[in-house]
Amino acid sequence: MEPSDDEKYAAFEEKVKKTIYIDNLSPLVTKTVLENAIKQFGGVNDVQFIPNYFTSSNTCAALVQMQSAKQAEEIIQEMGDSPLMILGMPRPVRALKAQAEMFEDRPKQHKRKIVCRWMDPTHPNFELAKKIKDLTKKHAAETQFMIEQELAKEEKLHDQQSETLKTNYKKYELIDGAQADGNVKRLAAQYGTVLNDY
Amino acid sequence: MSTLEEENATVSGDIEFRWGRKGRVGKKNPNIQYYESFTYDGVDYFLYDSVYLWSGDQYLPHIGKVIKIYETPRLKKMVKVVWYLRPTEVQKWLKGDHHLNNELLLASGEGNGLSNFNPLETICGKCNVVCQSKDERNPKVSMEELKLSDFVFYQTFDVETCRLSEKFPDKIAGVEVGHFFNPKTKGNHGVIRKSNSSSMCDTDNSSTIVSGVPASSSCENHHSMKSKFQEFEVGNKKSIEADSQSIMLKKRPKLLQEFEVDTKKSIEADSQSIMLKKRPKLDTSVWFKKLPWEDRIQKAHEVGSLVLLENLYHSFTSSEVEEIVLDAFNIKVNAKMIQWSAYSSPHNGQALVIFNSKDEADYAIFELKTRCLVIGAARVVVGSRPSLKEPGNHNTSKYFGHITIDAIKRKLTVEMKNAVSTSHHSQPNTIAFEMAMEWWAQQKMWELCRDALYKKQAEEIAKLKGRLKGSGKK
């Protein structure tokens, strides 16, 4: 017996509650990687990536379905408290509650009638309708601009952190190197200080 | 239209085939045996039936009327069909005439495109085509028959002069025009025919004819639906032979059930309703499982038939978008709602629509530009050609935030490299943690920025909407 539309939709809503939306993922993350990463929190039912056709952002997003809604909520909480990094450091991923519109195939929501009509240029409200269209385009451009700005900032932060990390590493290497070839000992002897630890 | 090529020459042993009534032998070549009917995969076909034919790489099947059925001396089964043309196929010569969604044009005249000889195996189903011509030789159809029909036609398209006409000549392709009109009813009430078969079919095929009052029409519908299921089977198997690339229908079981529900609805539906039309009964585009969306979108983008629709309601499903396009443009398309992600604007629902050709896409975009398609109270749809991300750059696009130290990398052993799945929870006393915090801070800041932007946009939209509604619109 085919389930009714309402039943189908109710089942779908249940599914949505159990699902986590994760983004800020690297494009190199595969289904297995993601599954393994989340497995430590609880049982994973399904992982689905959300395709990204044209926003210029290069992070990926996915929908991870857990076994219960409670688990999903807990994980979202945890990921909000301490950063989880997948496949690389240090950028943490972000977890949010999934929403119906994120899913690829949704059942229709009970007999909704969609009325659409054409408006000719002769219609009195045509100018207004045109304005709405233009507004939509403007908003889309604004959103796009913001994404680009965000991307630029991300790049900056990445480069900045890269630099910091490199110099830090160099510093440690230097110290290590100095200790390894005995320079530290000689310097200590020279200055008459006592070395701790070594 | 060229002769349909069949990839594999013979009917596979799987599909049941039986000749029906024999006709005459060929006049010039007595080794050719004509027939008046045959059974193919459980469906009975008769001379002058309207059928679907599939040509492997076409998006939609062709529709034709069988006017000759014969077997060659080499035992090849052939049919001669006169084509029903879809208005989109001859758009060049129609110059903007408006055509109904399920309207066809009967080919007439002489020359290329009137008819073709095809292997019988390209037939993939029966089609219910009803003639609505006012010609006095054409029996009128009842409302029930009209509702049950797949297609209608009332005009001819002369393939020689490339002109439409409502006049029907006496003969088309050497066949009396009477065979193209609706079959003459035999005085039975509520005879609901499934095809334009000639009167010869009465005795042979019990499933198509029911005599009696429309009260029994519901059980008749059941019958006709059953045969239609079988037609799907035919189409299904044809696909295996026809093209090594076309993939088996996965959605079939669902389709059968959908179809049942659809038919019932269309009978009860009010023909005057301005609401969204239900999908046409024989949804031929779902017969064959298609390539995954990624590939289709790329292909369509290259061809130029990909259109981005914006300002839809977020809660639309892909099929609702397809219905809207069907309703607004009378074009069957494939659509996909863009999945909402954290970067999507809550005001702007978007969908990618694949049209059947670049011309259709151009037409749609043009219409959306010059006129206004309004959905619901005040959503005006915006159409445009999207600029897609390049495919395949997927792995090489720079992802910011994963930093490695080259020196350490060099020391990685082979085992370490092969290790799968690295995920890491940072402890507060590491550099990684601090850096993660920096990323978080940035994320948060952008979230706030986005919220502020969307709020502002919402206000702007509400203002315009209010003006639209206030000036007396529904």
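Residues numbered from 1 in each chain as written. Chains lettered and ligands numbered in written order. Predicted model: local features only at pLDDT ≥ 70, side-chain atom pairs only at ≥ 80, totals over all residues. Heavy atoms only, no water.

Q: Teacher, can you tell me more about the overall build of chain B here?
A: Looking only at helices and strands, one finds 10 helices and 23 strands in chain B. A buried classification covers 50% of the 474 residues belonging to chain B. The contacts of chain B with a sequence gap of at least 6 include a subset with a gap of at least 24, amounting to 65%. About 23700 Å² of surface is accessible on chain B, with carbon and sulfur atoms providing 53% of the total. (Helix = DSSP H or I, 4+ residues; strand = E, 2+ residues; numbered from the N terminus. Buried < 20%, exposed > 50% of the residue type's maximum accessible area, 1.4 Å probe, protein only. Contact = heavy atoms within 4.5 Å. Areas by Shrake-Rupley, 256 points an atom, 1.4 Å probe, with all protein chains shown as cover.)

Q: Mind showing me how you'd approach the nonpolar core here?
A: All names here are of chain B. Counting residues in each nonpolar core, the largest one holds 45 residues, and the members touching the most others are Ile63, Leu106, Val129 and Phe153. A per-element tally of this core places strand E8 (residues 77-85) first, with 6 residues. With near-sequence residues (within four places) excluded, Ile63 lies in contact with Val51, Tyr52, Trp83, Tyr84, Arg86, Leu104, Cys127, Val129 and Phe151. One finds Ala351, Phe355, Ile365 and Ile375 within the second-largest nonpolar core, a separate group that totals 25 residues. (Core = buried A, V, L, I, M, F, W, Y, C linked by side-chain atoms within 4.5 Å.)

Q: Please explain the interface of chain A and chain B as it appears in this structure.
A: Accessible area lost during the coming together of the parts is what is often quoted as the interface size. Taken residue by residue, the interface counts 91 residues in chain A and 97 residues in chain B. Across the chain A to chain B interface the summed buried area is about 9400 Å²; carbon plus sulfur atoms make up 61%. There are 3 salt bridges connecting chain A and chain B. When the shortest N-O distance is used, the salt bridge between Lys138 of chain A and Glu460 of chain B registers 3.7 Å. In this assembly, chain A and chain B are joined by 15 residue pairs in polar contact (both at pLDDT 80 or more). Contributions of two or more residues to the side of chain A that touches chain B are made by strand E1 (19-25), helix H2 (31-39), helix H3 (69-81), strand E4 (84-86), strand E5 (94-97), strand E6 (116-119) and helix H4 (126-180) of chain A. Per-element accounting of the side of chain A that touches chain B gives the leading share, 30 residues, to H4 of chain A. (Buried area = accessible area lost by both parts, 1.4 Å probe. Salt bridge = Lys/Arg side-chain N within 4 Å of Asp/Glu carboxyl O. Polar contact = N/O pair within 3.5 Å; in protein donor to acceptor, adjacent residues only side chain to side chain.)

Q: Would you explain the sheet that holds strand E3 (residues 60-66) of chain A in this entry?
A: Each strand in a sheet pairs with its neighbour through backbone hydrogen bonds, running either in the same direction (parallel) or in the opposite one (antiparallel). Residue and element names in this part refer to chain A. The 4 strands lie next to each other as E2-E3-E1-E5, forming an open sheet whose pairing is antiparallel. Either end of the sheet is taken by a strand with one partner, and the two such strands are strand E2 (44-50) and E5. Direction aside, the axes of adjacent strands within the sheet are offset by 25° on average. The sheet contact formed by E1 and E3 spans 5 bridges and is antiparallel. Along E3, the bridge assignment pairs Leu25 with Cys60. Sheet strands in contact with H3 are E1, E3 and E5, and its direction is about 145° off that of E5. (Pairing = 2+ DSSP bridges. Axes fitted to C-alpha atoms, helices over the stretch in contact; angles between N-to-C directions.)

Q: How should I be thinking about the environment of Ala72 of chain A in this particular structure?
A: Residue and element names in this part refer to chain A. Within the secondary structure, Ala72 sits in helix H3. In this structure Ala72 comes out as buried when scored by relative accessible area, which is 3%. Leave out the neighbours within four places in its chain, and Ala72 touches Lys17, Lys18, Ile20 and Met66.

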